[in-house]
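What follows is the residue order along each chain.
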Amino acid sequence: IYMMCTGQCQHSVKCFLEDIVPHSSCINYPSEKKVITVTSSGFLTVVLRKSDGTFYQNIFSCKNRNCIELHRVCDLVDDCGDASDEEWCGNNFKCNSGEYIPLSRKCNGDFDCLDLSDECNVHCSNQVKIFSHVTLCIAAWIAGTVSVILNGWIIIKHIISFSELKTSVAKTNSCLMTVISVGDFLQGSFLLLVA
């Protein structure tokens with residue numbers, strides 16, 4: 001294509017790139033760097049023009065119409081911004097929290113995902129399920145929710161009313177109640193996590 005479009009072919013062949021309608025891919029590249037071509041299979045391909053006048057074809061067109069260099073596909077980083085460069089890769093595991101880890105780090109006994117989804121999922125055979133019965137899971141979820149809500153309310157109430165207390169005994173009691181409530185709040189959070 002480059003040889004033909006720069007007039008370096010031996011036979012006078014017209015450069016067909018000039019007549020192609022611009023394509024909407026690679027919106028993150030300036031239009032003067034983009035060249036649209038037709039491949040042998042009849043599909044449009046985006047080719048980028050380098051500053052030295054040569055063309056670069058090793059690009060990946062993201063679903064959001066951005067383009068990235070091909071070596072950045074399947075590198076465990078969302079380079080496209082919509083994760084389409086990592087979506088169909090066989091070398092990674094997508095955590096429920098959105099980040100990617102190498103597939104070899106899934107179900108290996110170490111928590112690599114921020115949300116622990118690399119170890120706490122149905123695919124990990126080494127997973128110890130704390131609540132195996134549905135009734136226990138529901139009871140843990142209800143107890144955890146009630147504990148988090150009520151103890152959160154108590155903590156906020158004691159923090160707000162602390163400045164209004166007059167005696168040191170009342171302030172000490174309020175601090176102790178707040179510490180107990182924080183402990184119960186954390187236990188409720190743990191119940192929600194394991195449920």
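The residue numbering used here restarts from 1 in each chain and proceeds along that chain's sequence as written. Per-residue local features of the predicted model are confined to residues with pLDDT of at least 70, and side-chain atom pairs are confined, for both listing and counting, to 80 or more; whole-chain, interface and lining totals are unaffected and use all residues. Side-chain metrics in this entry use all non-hydrogen atoms of the structure; hydrogen atoms and water are not considered.

Peer 1: So what exactly am I meant to see when it comes to the overall build of the chain here?
Peer 2: Within the chain one finds 3 helices and 7 strands. Put simply, the chain runs from its N terminus to its C terminus through helices and strands in the order α-β-β-β-β-β-β-β-α-α. Burial here depends on accessible area, computed with a 1.4 Å probe over protein chains only, as a share of the maximum for the residue type. Under 20% is buried, over 50% is exposed, and the range in between is partly exposed. Per-residue burial over the chain gives 26% buried out of 195 residues. Considering only intrachain contacts with a sequence separation of at least 6, the fraction spanning at least 24 residues in the chain is 25%. Only DSSP runs of H or I with at least four residues qualify as helices, and only runs of E with at least two residues qualify as strands; both kinds are numbered from the N terminus onward. We call two residues in contact when some of their heavy atoms are within 4.5 Å.

Peer 1: Honestly, a nonpolar patch on the surface in this entry has me stumped. Any pointers?
Peer 2: Like charges are joined within 9 Å and nonpolar side chains (Val, Leu, Ile, Met, Phe, Trp, Tyr) within 5 Å, but only among residues with over 30% relative accessible area and no salt bridge; these make up the patches. Using the Shrake-Rupley algorithm and a 1.4 Å probe, accessible areas are obtained, with residue cover drawn only from the displayed protein chains. Any carboxyl oxygen of Asp or Glu within 4 Å of a side-chain nitrogen of Lys or Arg constitutes a salt bridge here. A cluster of nonpolar residues, Val134, Ile138, Trp141, Ile142, Val146, Ile149, Leu150 and Leu192, forms a patch on the protein surface that exposes about 760 Å² of accessible area. With respect to the helices, strands and loops of the structure, Val146 is situated in helix H2 (residues 134-161).

Peer 1: Is there a simple way to think about the state of the cysteines in this case?
Peer 2: Our working definition of a disulfide is a cysteine sulfur pair at a distance within 2.5 Å. Under the defined criterion, the tally for this structure stands at 3 disulfides. Between the sulfur atoms of Cys62 and its disulfide partner Cys80 the distance amounts to 1.9 Å. Judged by the torsion about the S-S bond (-70 degrees), the Cys62/Cys80 disulfide is left-handed. On the criterion of sequence distance, the pair formed by Cys62 in the loop between strand S4 (59-61) and strand S5 (67-69) and Cys80 in the loop between S5 and strand S6 (92-94) is long-range, its members being 18 residues apart. On the basis of relative accessibility, which here comes to 5%, the residue Cys80 falls in the buried class. The disulfide partner of Cys95 is Cys113, and the S-S distance across this bridge is 1.9 Å. The sign of the -65 degrees torsion about the S-S bond sets the Cys95-Cys113 disulfide as left-handed. Remark: Cys113 occurs in the loop between strand S7 (100-102) and H2 and Cys95 occurs in the loop between S6 and S7; sequence separation between them is 18 residues. Take Cys95: its relative accessible area is 2%, and that puts it in the buried class. A relative accessible area of 4% means that Cys113 is categorised as buried.

Peer 1: How should I be thinking about the packing of H2 against helix H3 (residues 168-194) in this particular structure?
Peer 2: To get an axis, a line is fitted to the C-alpha atoms, and for a helix only the part in contact is used. The angle between two axes follows their N-to-C directions and goes from 0 to 180 degrees. Direction vectors running N to C along H2 and H3 enclose 155 degrees, while the axes themselves pass 8 Å from each other. By the criterion of interaxial angle, the relationship of H2 to H3 is roughly antiparallel. In this structure, the crossing between H2 and H3 has a hand that is left-handed. Across from Ala140, Trp141, Ala143, Gly144, Thr145, Ser147, Val148, Asn151, Gly152, Ile154, Ile155 and His158 in H2, the residues of H3 making contact are Ser174, Met177, Thr178, Ser181, Val182, Asp184, Phe185, Gly188, Ser189, Leu191 and Leu192. Ten residues, namely Ala, Val, Leu, Ile, Met, Phe, Trp, Tyr, Cys and Pro, are considered nonpolar, four, namely Asp, Glu, Lys and Arg, are considered charged, and the remaining ones, Gly among them, are considered polar. Taken together, the residues that form the contact of H2 with H3 break down as 11 nonpolar, 11 polar and 1 charged. Here is the rule for angles: anything less than 35 degrees is roughly parallel, anything more than 145 is roughly antiparallel, 65 through 115 is roughly perpendicular, and the remaining ranges are oblique. Crossings are assigned a handedness: left-handed for a near helix turned anticlockwise from the far helix by less than a right angle, right-handed for a clockwise turn.

Peer 1: I would appreciate a short explanation of the confidence of the model for the chain in the present structure.
Peer 2: One rule of thumb: low pLDDT means the predicted coordinates there are not for detailed reading. Per-residue confidence from the predictor is reported as pLDDT, a score between 0 and 100. Confidence in the prediction for the chain averages 78 pLDDT; 76% of positions are at 70 or higher. Highest mean pLDDT in the chain belongs to S7 (91); lowest belongs to helix H1 (residues 2-5) (54).

Peer 1: Explanation requested: the pattern of salt bridges in the structure shown.
Peer 2: Two side chains of opposite charge can pair, provided their charged atoms sit close to one another. A full pass over the atoms with the stated rule returns 3 salt bridges. Where Arg105 meets Asp112, a salt bridge forms, and the shortest distance between an N and an O atom there is 3.1 Å. Accessibility expressed as a relative area gives 36% for Arg105, which makes it partly exposed.

Peer 1: What's the story with the environment of Ser25 in this structure? I'm lost.
Peer 2: Of note, Ser25 is situated in the loop between H1 and strand S1 (34-38). The spatial distance from the C-alpha of Ser25 to the C-alpha of Arg65 is 4.6 Å, given a sequence separation of 40 residues.

Peer 1: It is not clear to me how unusual backbone geometry should be interpreted in this structure. Could you clarify?
Peer 2: The phi angle of most residues is negative, glycine excepted, and most peptide bonds adopt the trans form. Its identity is not glycine, yet Cys107 carries a phi of approximately 60 degrees, on the positive side. When you line up the elements, Cys107 lands in the loop between S7 and H2. A positive phi angle, near 65 degrees, is found at Leu116, a position not held by glycine. Assignment of secondary structure puts Leu116 in the loop between S7 and H2.

Peer 1: I keep staring at the side chain of Ser117 and nothing clicks. Help me out?
Peer 2: By secondary structure assignment, the location of Ser117 is in the loop between S7 and H2. The exposure class of Ser117 is buried, given its relative accessible area of 4%. N or O atoms closer than or at 3.5 Å make up a polar contact, with two conditions inside protein: a donor-capable atom paired with an acceptor-capable one, and, for residues adjacent in sequence, both atoms drawn from side chains. From its side chain, Ser117 meets the backbone nitrogen of Asn96 in a polar contact 3.0 Å long. Among the polar contacts made by the side chain of Ser117, one reaches the side chain of Asp115 at a distance of 2.8 Å. In this view, Ser117 contacts Phe93, Cys95 and Asn96; residues no more than four positions away in its chain are not counted.

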